[in-house]
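So the chains spell out like this:
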Amino acid sequence: MKKQSSVSRLLAYAGSYKKLTLLGCVLSAIAAVLGLVPYVCVWLAARDVLRVYPDVTEASELIRWGVLAVWFAVSNIVVYFAALMCTHIAAFRTARNMRHAGTAHILRLPLGFFTGDQSGRLRKVIDDNAALTEDLLAHKLPDLTAAVVTPAAAIVLLFSFDWRMGILCLLTMILAFVCMASMMGGKNAGFFHRYQREIEKMSAEAVEYVRGIPVVKVFQQTVYSFKSFYAAIQSYSELASQYAMSCRNGQTAFLTCINGGFALLIPAALLLASGGNGWETLTDFIFYALFAPACGGMINRIMYASESVMEANEAIMKLDQILEQKPLKETETPQKPEREAVSFEHVTFRYPGTEHPALKDVSFTVREGTVTALVGPSGGGKSTAASLIPRFWDVESGHVRIGGVDVREMNSQELMRHVAFVFQDTKLFKVSLLENIRMARPSASAEEVKAAALAAQCGDILEKLPEGLDTIVGTKGVYLSGGEAQRIALARAILKDAPIIVLDEATAFADPENEVLIQRAFGELTRGKTVLMIAHRLSTIRNADQILVIDKGSVREQGSHKELLAENGLYAEMWKDYQKAAAWKVGKEASL
């Protein structure tokens, strides 16, 4: 199937405004033709003046041609303005539709799609790239239409008065096109794509460098300590320099051709005038001398329009990369679980684009109303298993069930109603604490939100803030520590009151004081709930009803804390290492 051009794709996003875009292009073409008429009026006026020279007062048609030139020039401006109004309205609606299409699609993607560092990239792809297309549709597309129509009309005019001078002007246009093609073809054909990649790479490395400035200052390092950032700058600089130098000769020749028509017209006019038709040749020369620069403007329009087309190609390609992501399949006959137990049945899962499975034939059950802890070496598959319950991803084989119902047989709203999750990487929005907590249940009253905050041991946070729950978080507000932010996240989960709780290393960034408060909040959150928790601090899961040791994507051991210690296996080894780490001291005692 033949791939559609970027312009065709954009017009498809325009929807009902496609006709307005086409109308704008037609009006732009009409305006371009109207813009050629004043040149004819100038030629007619010059002919009348030179015919009666030196008695210019005898040129009776002079005022008529002047008035017509002004009217056609004004008509050109008015019609072109109307064209741009049409294309601008359509361009803004098209960009809106692109943003809507991208946003609507990502809302249907699995939650795992957003677990990486996606926010900045998604904003750029959906918002910034949609804005890139506005310039093409609003300005460059009507200009390109005019630039295509105008040469056809211009060629007619070029041969209407003196075909010999017309050939010379046409020759400069052809040479300019050849020069422009030489700059955009060959090894430079893929430059814009490479240029965008280098900008994105440099921007990403710049963000990482800014984030690492505290480290740079503490250790008295320089920008060269961030070799990847420096390499990205150098790579961008080299690419831009190479392209500029490769276009040096072509750009010089291009500008010479579009602006150097006089170099051919003057000798030609002198040669033709020597044949005895001096005044007539001078009249034609005046027309071509004025019209040749206008032909150069047409070619410039085409060049700039082609650049916008390349930008649009990039924008469409990046948007397609998102739209090609497969959304989760919603069942046509959704089921509701009657119980709250969670079970994994021979689950195998691999992340998109990877060869080795993250989980292999994993089976276990979290009984209703009990606490199951997942422990094991880093990268063993603990977080992966937890993420499959709220359906961050779909399993490759096997089943993840809630109350005996496969999570794929539940609609997303019902699944989210059953599961609340708190991860170590807490996200707080730049709104009030009240709105941050209320996101778990938008219909909750302020009293219910406050009760959830107090249950999450956030009383000390509210007391020290001047506006309590109404305090803004982040920019123009306050900043919370990692442990404090974690308690706010727990307040969300408490307010949601879901029957199944997933905790992924929720005390990772907490200091000892915050950890005590978070443990108290856990008690409020998990009372009477089905809980699956991941922890590296083994002391926090000693009293779990069940502990699963996951290593290399498989369940290695399973049982209570005492049972696993008695087995003297991997868990017992981990417990010994944890005890040693907890007893470690700084100073001379550490070496004894």
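Nothing here was measured: the structure is a model prediction, and the numbers come from that model.

A.B. asks: An account of the overall build of the protein chain is needed here, citing residue identities and associated values.
C.D. replies: On a plain count of helices and strands, the protein chain comes out with 20 helices and 10 strands. In the protein chain, the proportion of contacts linking residues at least 24 apart, taken out of those at least 6 apart, comes to 76%. Accessible surface, the protein chain: about 31100 Å² in total, of which carbon and sulfur atoms supply 59%.

A.B. asks: Summarise the sheet that holds strand β4 (residues 397–402); cite the residues concerned and give the values.
C.D. replies: Read across the open sheet, the 4 strands follow the order β2-β1-β4-β5; overall the sheet is antiparallel. Each end of this open sheet is capped by a strand with a single partner; those strands are β2 (359–366) and β5 (405–406).

A.B. asks: Any chance you could break down the pattern of salt bridges for me, citing the residues and the numbers?
C.D. replies: Opposite charge on two side chains permits them to pair, given that their charged atoms come into close proximity. For the structure shown, the criterion picks out 12 salt bridges. Linking Glu-396 and Arg-350 is a salt bridge whose minimum nitrogen-to-oxygen distance equals 2.7 Å. Of this pair, Glu-396 sits in the loop between α12 (382–388) and β4 while Arg-350 is found in the loop between β1 (342–349) and β2, placing the two residues 46 residues apart along the sequence. The exposure class of Glu-396 is partly exposed, given its relative accessible area of 45%. Two residues, Asp-497 and Lys-529, come together in a salt bridge whose shortest N-O distance is 2.9 Å. Highlighted residues: Asp-497 in the loop between α17 (482–496) and β7 (500–504) and Lys-529 in the loop between α18 (512–526) and β8 (530–534), separated in sequence by 32 residues. The class of Lys-529 is buried, set by a relative accessible area of 13%.

A.B. asks: I'd love a proper account of a nonpolar patch on the surface, names of residues and values included.
C.D. replies: A grouping of Ile-63, Val-67 and Trp-71 is seen on the molecular surface, where their side chains present a nonpolar patch of about 360 Å² in accessible area. Structurally, the position occupied by Ile-63 is in helix α3 (residues 62–106). A residue is classified by how much of its surface remains accessible, and Ile-63, at 67% relative accessible area, is exposed.

A.B. asks: Quick one: what's the story with the confidence of the model for the protein chain, residue by residue and with numbers?
C.D. replies: Reading predicted coordinates in detail is not appropriate for stretches of low pLDDT. In this model, the protein chain carries a mean pLDDT of 78, and residues with pLDDT of at least 70 account for 73%. Below pLDDT 50 for its whole length, residues 588–592 participates in 2 contacts with residues either more than four positions away or in separate chains.

A.B. asks: Before we move on, can you summarise the packing of helix α15 (residues 446–455) against α17 with the specific residues and values?
C.D. replies: Packed helices, taken two at a time, are described by the angle between their axes plus the distance between the axes. It is at 8 Å that the axes of α15 and α17 come closest, and there the two elements cross at 125 degrees. Regarding the angle of α15 to α17, the classification is oblique. Crossing handedness for the pair α15 and α17: right-handed. Contacts between α15 and α17 pair Glu-448, Val-449, Ala-452, Ala-453 and Ala-455 from the former with Ala-491, Ile-494 and Leu-495 from the latter. For the contact of α15 with α17, the per-class residue count stands at 7 nonpolar, no polar and 1 charged.

A.B. asks: Lay out the packing of aromatic side chains with the relevant residues and their values.
C.D. replies: For any pair of aromatic rings, the description rests on two quantities: the centre-to-centre distance and the angle between the ring planes. One pass over the full model with this rule turns up 6 aromatic pairs. A centroid spacing of 6.3 Å and a plane angle of 35 degrees characterise the contact between Phe-349 and Trp-393, whose relative ring orientation is tilted. Of this pair, Phe-349 sits in strand β1 while Trp-393 sits in the loop between α12 and β4, and the two are 44 residues apart along the sequence. Here Phe-349 matches Trp-393 in class, with each residue buried. An angle of 90 degrees between the planes, with centres 5.9 Å apart, marks the rings of Tyr-351 and Trp-393 as edge-to-face. Here Tyr-351, found in the loop between β1 and β2, pairs with Trp-393, found in the loop between α12 and β4; they are 42 residues apart in sequence, far enough to count as distant. Classification of Tyr-351 by relative accessible area gives partly exposed; the value is 28%. According to the relative accessible area criterion, Trp-393 is buried, its value standing at 16%. A network of ring pairs unites the aromatic residues Phe-349, Tyr-351 and Trp-393 as a single cluster.

A.B. asks: Please set out the pairing of β4 residue by residue, giving values where relevant.
C.D. replies: Across 5 bridges, β1 lies against β4 in antiparallel orientation. Within the sheet, the bridge partner assigned to Val-342 lies in β4 and is Ile-402. Sheet topology note: the β4/β5 ladder contains 2 bridges and is antiparallel. Pairing of Ile-402 across the sheet is with Val-405, part of β5. Between β4 and β5, which pair antiparallel and follow one another directly, the connecting turn spans 2 residues, one of which, Gly-403, has a positive phi of 55 degrees.

A.B. asks: Which residues make up the side chain of His-418, and what values do they have?
C.D. replies: Along the chain, His-418 falls in helix α13 (residues 412–418). Using a relative accessible area of 1% as the deciding quantity, one classes His-418 as buried. Within the structure, His-418 has its side chain in polar contact with the backbone oxygen of Glu-414 (distance 3.1 Å). Leave out the neighbours within four places in its chain, and His-418 touches Pro-337, Glu-340, Ile-402, Met-410, Ala-498, Pro-499 and Ile-500.

A.B. asks: Could you give me a rundown of the sheet that holds strand β10 (residues 554–559), with the residues and numbers involved?
C.D. replies: Spatial ordering of the open sheet is given by β6-β7-β8-β3-β9-β10, a layout of 6 strands whose pairing is mixed. Because the sheet does not close on itself, it has two edges, and the strands there are β6 (419–423) and β10. Sheet twist, expressed as the mean angle between neighbouring strand axes with direction ignored, is 15 degrees. Bridge count between strand β3 (residues 371–375) and strand β9 (residues 546–551): 4 bridges; the pairing is parallel. Bridge pairing links Leu-374 to Leu-548 in β9. The sheet strands contacting α17 are β6 and β7, and the helix crosses β6 at an angle near 175 degrees.

A.B. asks: Can you explain the nonpolar core? Please cite residues and give values.
C.D. replies: Counting 48 residues, the largest nonpolar core has Leu-490, Leu-503 and Ile-541 as its most contacted members. With 7 residues, α17 is the largest single contributor of residues to this core. Excluding residues within four positions of it along the chain, Leu-490 makes contact with Val-422, Ala-456, Leu-503, Ile-518, Ala-521, Phe-522 and Leu-525. Of all hydrophobic cores here, the second largest spans 30 residues; its members include Trp-393, Val-395, Val-407 and Ile-534.

A.B. asks: Just give me the short version of helix α8 (residues 227–246), but keep the residues and values in it.
C.D. replies: Helical geometry: 3.6 residues make up each α-helical turn, so side chains three or four residues apart lie on a common side. With 20 residues, α8 should reach 28 Å at 1.5 Å per residue; the first-to-last C-alpha distance of 28 Å fits that figure. Of the residues making up α8, those classed as buried are Phe-229, Ala-232 and Leu-239. An end-on view of α8 places all buried positions within 95 degrees of arc, on one side of the element. Those residues of α8 that are exposed and angled more than 90 degrees off the buried face are Lys-227 and Gln-242.

The rules behind each value
- Residues numbered from 1 in each chain as written.
- Predicted model: local features only at pLDDT ≥ 70, side-chain atom pairs only at ≥ 80, totals over all residues.
- Heavy atoms only, no water.
- Helix = DSSP H or I, 4+ residues; strand = E, 2+ residues; numbered from the N terminus.
- Contact = heavy atoms within 4.5 Å.
- Areas by Shrake-Rupley, 256 points an atom, 1.4 Å probe, with all protein chains shown as cover.
- Pairing = 2+ DSSP bridges.
- Salt bridge = Lys/Arg side-chain N within 4 Å of Asp/Glu carboxyl O.
- Buried < 20%, exposed > 50% of the residue type's maximum accessible area, 1.4 Å probe, protein only.
- Patch = residues over 30% accessible without salt bridge, like charges linked within 9 Å, V, L, I, M, F, W, Y side chains within 5 Å.
- pLDDT = per-residue confidence, 0-100.
- Axes fitted to C-alpha atoms, helices over the stretch in contact; angles between N-to-C directions.
- Parallel < 35°, antiparallel > 145°, perpendicular 65-115°, else oblique.
- Left-handed = near helix turned anticlockwise from the far one by under 90°.
- Nonpolar A, V, L, I, M, F, W, Y, C, P; charged D, E, K, R; others polar.
- Phe/Tyr/Trp six-rings, centres within 6.5 Å; stacked < 30°, edge-to-face > 60°.
- Polar contact = N/O pair within 3.5 Å; in protein donor to acceptor, adjacent residues only side chain to side chain.
- Core = buried A, V, L, I, M, F, W, Y, C linked by side-chain atoms within 4.5 Å.
- Expected span 1.5 Å × (residues − 1).
- Arc of directions from axis to C-beta.

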